[in-house]
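Breakdown of the fold
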Amino acid sequence: MYHVVALGELVIDFSPGGVSDRGNALYERQPGGAPSNVLAAVSRLGGNAALMGMVGDDSFGYYLQEMALSCGIDCAGLCFTKEAYTTLAFVHLDGSGERSFTVMRKPGADTQLRREQVRTDMISDTRILHVSAAALTDDPCREAVFYAAMCAKKENKLISFDANYREALWGREEAVKVMRSFLPYVDILKVSEEEMTMLTDVNDIPQGAKKLSEQGISLVTVTCGSEGSYYSYAGGVGFVPTYTVQTIDTNGAGDAFLGTLLYQISCLQDGGIKDIPQKNMERMLRAASAAGALCAARPGALLNGPTREEINELAKDIIL
């Protein structure tokens with residue numbers, strides 16, 4: 001049984017790697033992609049994680065498969081195509097470590113997964129199906145995502161969704177329309193403040209989270225960067241602060257947060273999300289916040305996430 005199966009992108013992140021002798025910017029090849037980063041976090045904590053997705057039948061695609069396997073991610077659902085190249089994302093960091101992207105994806109292989117390539121057997125064998133919004137930007141992958149979600153719902157699986165809006169991938173109006181149409185499938189939702197406002201037309205975090213919860217979403221988390229995160233579920237609402245670290249690279253920090261949270265939820269044996277005592281929910285979110293903070297304190301996303309021991313050391317009062 002898998003703890004988490006994700007459907008979505010496994011891509012190359014070219015991250016800043018210093019400056020050459022001639023003063024030119026250098027970029028370091030790193031494996032990335034939000035759902036893959038989430039799975040790496042799950043695996044690093046001891047969970048069984050698997051990916052369904054598409055890469056190019058090229059050197060980048062095979063490198064990504066190798067790296068995902070090295071992180072303990074089951075790649076039985078990873079497909080290769082000769083019709084498109086592996087997607088490349090160049091990561092740009094400002095002085096505070098905040099990132100922006102230039103994406104080579106017209107189309108990218110990750111958008112080419114088809115409905116008939118969805119591994120329904122893997123969905124049947126998982127506790128949580130996770131999707132990130134990049135998988136919804138284009139067909140045929142968009143159709144594959146809705147089909148996978150429909151299959152998961154029929155089998156009473158939890159569905160996690162990261163709104164993860166990237167202006168470089170699609171327009172705001174289309175993104176809002178498509179993501180809103182996907183929300184009825186969602187049990188666990190992670191949004192940033194901006195994404196919450198996009199989806200609800202509400203700026204106030206408690207009100208926006210409440211509006212999302214009223215759509216039938218069992219757990220809404222609103223991440224607020226260095227300020228922490230807000231949560232809303234049947235057992236209560238609240239704000240969980242983050243941990244202070246020297247930020248180097250925020251790329252993947254939200255994925256480490258979400259992967260840590262999903263792993264903990266997937267380990268629950270009895271009841272649903274609504275039955276989690278509020279003190280336990282806050283403990284789980286503090287562990288997730290510690291994981292996100294530690295990820296932001298180091299370069300890279302998929303390969304360099306925090307271990308269970310590092311999370312426990314930072315959080316101190318939490319035994320993950």
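Up top is the structure these notes are about.
The structure presented is a predicted model; accordingly, all values stated were derived computationally and were not measured.

1. Structural notes on the overall build of the protein
A count of helices and strands for the protein gives 10 helices and 13 strands. For 320 residues, the compact-globule estimate of 2.2 N^0.38 gives 20 Å, and the protein sits close to it at 18 Å. Referenced to the eigenvectors of the C-alpha coordinate spread, the extents of the protein come out at roughly 55 × 45 × 40 Å. Every one of the 320 residues in the protein was classed for burial, and the buried ones make up 57%. Contacts in the protein between residues far apart in sequence, at least 24 positions, make up 69% of those at least 6 positions apart. Surface summary for the protein: the accessible area is close to 13500 Å², and the carbon and sulfur share equals 48%. Side chains of the protein give 29 positive and 40 negative charges; the mean places of these two sets differ by 4 Å.

2. Topic: empty space enclosed by the protein
Under the definition given, this model contains 2 cavities of 30 Å³ or more. A volume near 30 Å³ is recorded for the second largest cavity. A41, R44, A256, T260, A291 and P306 are the residues that line the second largest cavity. Secondary-structure elements contributing two or more residues to the lining of the second largest cavity are α1 (34-44) and α8 (253-266). Residue composition of the lining of the second largest cavity, by class: 4 nonpolar, 1 polar and 1 charged.

3. Section: the layout of surface pockets
Here the second largest pocket defines a volume of roughly 240 Å³. As for the second largest pocket, its lining consists of 14 residues, and the residues nearest its centre are R127, N156, L158, L268 and G271. Among the elements of the structure, β8 (126-132) and α8 are those that each provide at least two residues to the lining of the second largest pocket. In the lining of the second largest pocket, the residues fall into 6 nonpolar, 6 polar and 2 charged.

4. Focus: the packing of aromatic side chains
Within this structure, the stated rule accounts for 9 aromatic pairs. Ring pairing ties together the aromatic residues F14, Y27, F60 and F90, which thus form one cluster. In this structure, R29 is placed above the aromatic ring of Y63, and the distance from its NZ or CZ to the ring centre is 3.6 Å.

5. Some details on the pattern of salt bridges
Evaluation of the coordinates by the stated rule reveals 11 salt bridges. For K153, the salt bridge identified is with D187, shortest N-O distance 3.1 Å. Of this pair, K153 sits in helix α4 (residues 141-154) while D187 sits in the loop between α5 (172-182) and β10 (188-192), and the two are 34 residues apart along the sequence. Here K153 falls in the partly exposed class, since its relative accessible area comes to 30%. Residue K274 pairs with D275 through a salt bridge whose shortest N-O separation is 3.3 Å. By sharing partners, the salt bridges in this structure join R105, D110 and D138 into a single network.

6. Points about the nonpolar core
Burial of nonpolar side chains together is a common tendency in soluble globular proteins. Judged by nonpolar contacts, the single largest core of 53 residues is most densely connected at L10, L219, I265, I273 and M281. Ranked by residue count, the leading element in this core is helix α9 (residues 278-296), at 11 residues. Core analysis: the next-biggest nonpolar cluster, separate from the first, contains 51 residues, M54, I123, V178 and I205 among them.

7. Some thoughts on the packing of helix α6 (residues 193-200) against helix α7 (residues 205-213)
Where α6 contacts α7, the two axes come as close as 10 Å, and the packing angle between them is 55°. Put simply, α6 runs oblique to α7. As α6 packs across α7, the resulting crossing turns out to be left-handed. Along the contact surface, α6 presents E193, M196, L199 and T200, while α7 presents I205, G208, A209, K211 and L212.

8. Re the environment of P16
The topology assignment puts P16 in strand β2 (residues 11-19). In this structure, the C-alpha to C-alpha distance between P16 and M67, residues 51 residues apart in sequence, is 19 Å. P16 has contacts with L26, Y27, V91 and L93, leaving out every residue within four places of it along the chain.

9. Examining the environment of T120
Among the structural elements, T120 can be located in helix α3 (residues 120-124). With 105 residues separating them in the primary sequence, T120 and S15 have C-alpha atoms 34 Å apart. When neighbours within four sequence positions are excluded, T120 is seen to be in contact with Y147 and C151.

Cut-offs used in this document
- Residues numbered from 1 in each chain as written.
- Predicted model: local features only at pLDDT ≥ 70, side-chain atom pairs only at ≥ 80, totals over all residues.
- Heavy atoms only, no water.
- Helix = DSSP H or I, 4+ residues; strand = E, 2+ residues; numbered from the N terminus.
- Rg over C-alpha atoms; globule rule 2.2 N^0.38 Å.
- Buried < 20%, exposed > 50% of the residue type's maximum accessible area, 1.4 Å probe, protein only.
- Contact = heavy atoms within 4.5 Å.
- Areas by Shrake-Rupley, 256 points an atom, 1.4 Å probe, with all protein chains shown as cover.
- Lys, Arg positive; Asp, Glu negative; His and termini not counted.
- Charge placed at Lys NZ, Arg CZ, Asp CG, Glu CD.
- 1 Å grid on protein atoms, 1.4 Å probe; cavity = no way out; pocket = protein on both sides within 12 Å on 5 of 7 lines; lining within 4 Å.
- Points joined across faces, edges and corners; volume = space filled by probe spheres on them.
- Nonpolar A, V, L, I, M, F, W, Y, C, P; charged D, E, K, R; others polar.
- Phe/Tyr/Trp six-rings, centres within 6.5 Å; stacked < 30°, edge-to-face > 60°.
- Lys NZ or Arg CZ within 6 Å of the ring centre and 35° of its normal.
- Salt bridge = Lys/Arg side-chain N within 4 Å of Asp/Glu carboxyl O.
- Core = buried A, V, L, I, M, F, W, Y, C linked by side-chain atoms within 4.5 Å.
- Axes fitted to C-alpha atoms, helices over the stretch in contact; angles between N-to-C directions.
- Parallel < 35°, antiparallel > 145°, perpendicular 65-115°, else oblique.
- Left-handed = near helix turned anticlockwise from the far one by under 90°.

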